[in-house]
Amino acid sequence: MSRAHFRINHQDGEIVILDQNSASGTLLNGSPVTAARVKVGDTIRAGDTFLAIHGMAAAAPAGRRNIANLIGTEFGGFQVDSLLAKGSESIVFQAHEIKKDRPAALKVMLPQFIQDPQQQERFVRAMKTMLNVRDPHIVELYAAGKSGGLCYSAMELIEGDNLDKLIERMGVDGLLDWSEVWRCAIHIARALETGYLRDIVHRNVTPTNIIRRRSDKVFKLADFQLAKAMSGALAKQITEP
């Protein structure tokens, strides 16, 4: 696959696939495409990788706030300022905690992943276990809750880049300095040890969850407890072994 092989846009209930000038091309159901609508049952091929479309996300129930319209509004005690990032499960905004007058990163979960009230309560309870955890290498959680049918967590705003972006900037043949790699390993190991001492298993240590602060090059680990919050009652059985 090319580094940026294809793009998928979701708009007005339709999914459109767009080839990004990839070296080997993007195939939809065996035929090369530059732009095409995708439906359930279709197969996408990029290089030697196949992806099958099994279903479409359901529309959010009436009464839920539109996540895209949160910018410029107050949400859960935070003033939502701008968009920081979009993920498969959530959208992250740059925000400001009104009561404590401090900047924050506000993560709002997409409604299709946490639908019923029991799931929402489980999410909030799991996330709140991190409220009193303090470590120089763990992104501090400020708050967690639900508002307007949407679950959210708010954490300290780190000025820097995640490890995924750092690696991407190096290019295919680039190398991070060994001391930088060593520092990252030590910092994240310290974060994981803090979790271990509190019987907390991260379960999702990925480059996107490791952030290097620009000012002092300290690495921090984000999204502790998020995997547990998303998986619900079976989490303990899954992680304990």
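Keep in mind the model is a prediction, meaning the values are calculated, not measured.

Draft legend 1. Quick look at the packing of aromatic side chains. All chains considered together, the criterion is met by one aromatic pair. Seen in terms of ring centroids, Phe75 and Tyr152 are 5.2 Å apart; in terms of plane orientation they differ by 70°. Their pairing is edge-to-face. With Phe75 in strand β8 (residues 74-75) and Tyr152 in strand β13 (residues 150-155), the pair connects residues that are 77 residues apart, well separated along the chain. Across the pair, Tyr152 and Phe75 agree in class, each one buried. The side chain of Arg102 reaches across the aromatic face of Tyr142, ending 3.5 Å from its centre.

Draft legend 2. Layout of helix α1 (residues 117-128). For α1, with 12 residues, the first-to-last C-alpha span of 17 Å sits near the 16 Å given by 1.5 Å per residue. Listed as buried for α1 are Gln120, Phe123, Val124, Ala126 and Met127. Down the axis, α1 shows its buried residues gathered within 165° of arc, on one side only. The exposed set on the far side of α1, more than 90 degrees from its buried face, consists of Pro117, Gln118 and Arg125.

Draft legend 3. Highlighting a nonpolar patch on the surface. On the surface, a cluster of nonpolar side chains totalling about 290 Å² of accessible area is made up of Ile167, Met170, Leu176 and Val181. Checked against the element boundaries, Leu176 lands in the loop between α2 (163-170) and α3 (178-197). Taking the relative accessible area as the measure of exposure, Leu176 reaches 32% and is therefore partly exposed.

Draft legend 4. Inspection of the nonpolar core at higher detail. Core analysis: the biggest nonpolar cluster contains 24 residues, and Phe123, Met127, Met130, Ile210, Phe219 and Phe224 have the highest contact counts within it. Those elements that place two or more of their residues in this core are α1, β12 (141-147), α2, α3, β16 (219-221) and α4 (226-231). For this core, the leading source of residues is α1, giving four residues.

Draft legend 5. Main features of the pairing of strand β7 (residues 49-52). As paired elements, strand β6 (residues 43-46) and β7 share four bridges and run antiparallel to each other. Directly across from Thr43, in β7, lies its bridge partner Ala52.

Draft legend 6. Broad picture of the pattern of salt bridges. Enumeration over the complete set of coordinates arrives at 11 salt bridges. In this structure, the salt-bridge partner of Asp161 is Arg169, at a minimum N-O distance of 3.1 Å. Assessed through its relative accessible area of 55%, Arg169 is described here as exposed. Among the ionic pairs, Arg212 bridges to Glu180, the shortest N-O distance being 2.2 Å.

Thresholds, definitions, all that
- Residues numbered from 1 in each chain as written.
- Predicted model: local features only at pLDDT ≥ 70, side-chain atom pairs only at ≥ 80, totals over all residues.
- Heavy atoms only, no water.
- Phe/Tyr/Trp six-rings, centres within 6.5 Å; stacked < 30°, edge-to-face > 60°.
- Helix = DSSP H or I, 4+ residues; strand = E, 2+ residues; numbered from the N terminus.
- Buried < 20%, exposed > 50% of the residue type's maximum accessible area, 1.4 Å probe, protein only.
- Lys NZ or Arg CZ within 6 Å of the ring centre and 35° of its normal.
- Expected span 1.5 Å × (residues − 1).
- Arc of directions from axis to C-beta.
- Patch = residues over 30% accessible without salt bridge, like charges linked within 9 Å, V, L, I, M, F, W, Y side chains within 5 Å.
- Areas by Shrake-Rupley, 256 points an atom, 1.4 Å probe, with all protein chains shown as cover.
- Salt bridge = Lys/Arg side-chain N within 4 Å of Asp/Glu carboxyl O.
- Core = buried A, V, L, I, M, F, W, Y, C linked by side-chain atoms within 4.5 Å.
- Pairing = 2+ DSSP bridges.

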